[in-house]
Amino acid sequence: MKEITLKQANEIINAAHREGQERKLAPLTIVVLDTGGHIRALSRADGASFMRSKIAMAKAWGAIGMGLPSSALDEMGKQRPMFMNALIHIADQGLMPVAGGVLVRDHNNTVIGSVGISGDLSDQDEHCAIVGIKAAGFSTDSIK
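Conventions adopted
- Residues numbered from 1 in each chain as written.
- Predicted model: local features only at pLDDT ≥ 70, side-chain atom pairs only at ≥ 80, totals over all residues.
- Heavy atoms only, no water.
- Axes fitted to C-alpha atoms, helices over the stretch in contact; angles between N-to-C directions.
- Helix = DSSP H or I, 4+ residues; strand = E, 2+ residues; numbered from the N terminus.
- Parallel < 35°, antiparallel > 145°, perpendicular 65-115°, else oblique.
- Left-handed = near helix turned anticlockwise from the far one by under 90°.
- Contact = heavy atoms within 4.5 Å.
- Nonpolar A, V, L, I, M, F, W, Y, C, P; charged D, E, K, R; others polar.
- Core = buried A, V, L, I, M, F, W, Y, C linked by side-chain atoms within 4.5 Å.
- Buried < 20%, exposed > 50% of the residue type's maximum accessible area, 1.4 Å probe, protein only.

## Concerning the packing of helix α1 (residues 6-22) against helix α5 (residues 122-135)
1) Next: Orientation of α1 relative to α5, taken along the N-to-C sense of each, is 135 degrees, at an axis distance of 7 Å. The angle between α1 and α5 places the two elements in the oblique class. The two elements α1 and α5 cross, and the hand of that crossing is right-handed. Here I12, A15, A16, E19 and G20 of α1 come into contact with α5, specifically with H127, C128, V131, G132, I133 and A135.
2) Next: Its residues assigned to classes, the contact of α1 with α5 shows seven nonpolar, three polar and one charged.

Now the structure itself:
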């Protein structure tokens, strides 16, 4: 299976940061994971609080671990709260079921990684993730 490269991960991060700056969002923290949930690249903008990296990681890790954008996990949690509570527990609290974590798909629609962003409102975080993914030549399947 093809994995996302460091160069591609950094392209996603750079484009997402640019989008956040253009929109005048709060400082973003962006993480890109491979299909095994391992960090390929992480960037915390100047002024972003130290917890943002853990939040971004939990958004991205939940997306890659469940094969769904974190916004879909949010919807799942609303429909099945006991399931989501159990899932968060077995994920050792490393899952954040709010918008901002999305899958990265290659030209064959194969998942090659995920992106998680934290810093502003969750929908804004997700928007920046999508912009970054598209700028690097990939696609995603966000429900927004």
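Additional details are given in the paragraphs that follow.
## Points about the nonpolar core
In summary, soluble globular proteins display a tendency toward joint burial of nonpolar side chains.
1) Next: Counting residues in each nonpolar core, the largest one holds 20 residues, and the members touching the most others are I12, V104, V115 and I117.
2) Next: Of all the secondary-structure elements, those providing two or more residues to this core are α1, β1 (29-33), β3 (101-105), β4 (111-118) and α5.
3) Next: Take this core: its biggest share by element is four residues, from α1.
4) Next: For I12, the contacting residues outside a window of four places in its chain are I4, V32, V104, V115, G132, I133, A136 and F138.
5) Next: Core analysis: the second largest hydrophobic core is formed by eight residues, V31, L33, A63 and V111 among them.

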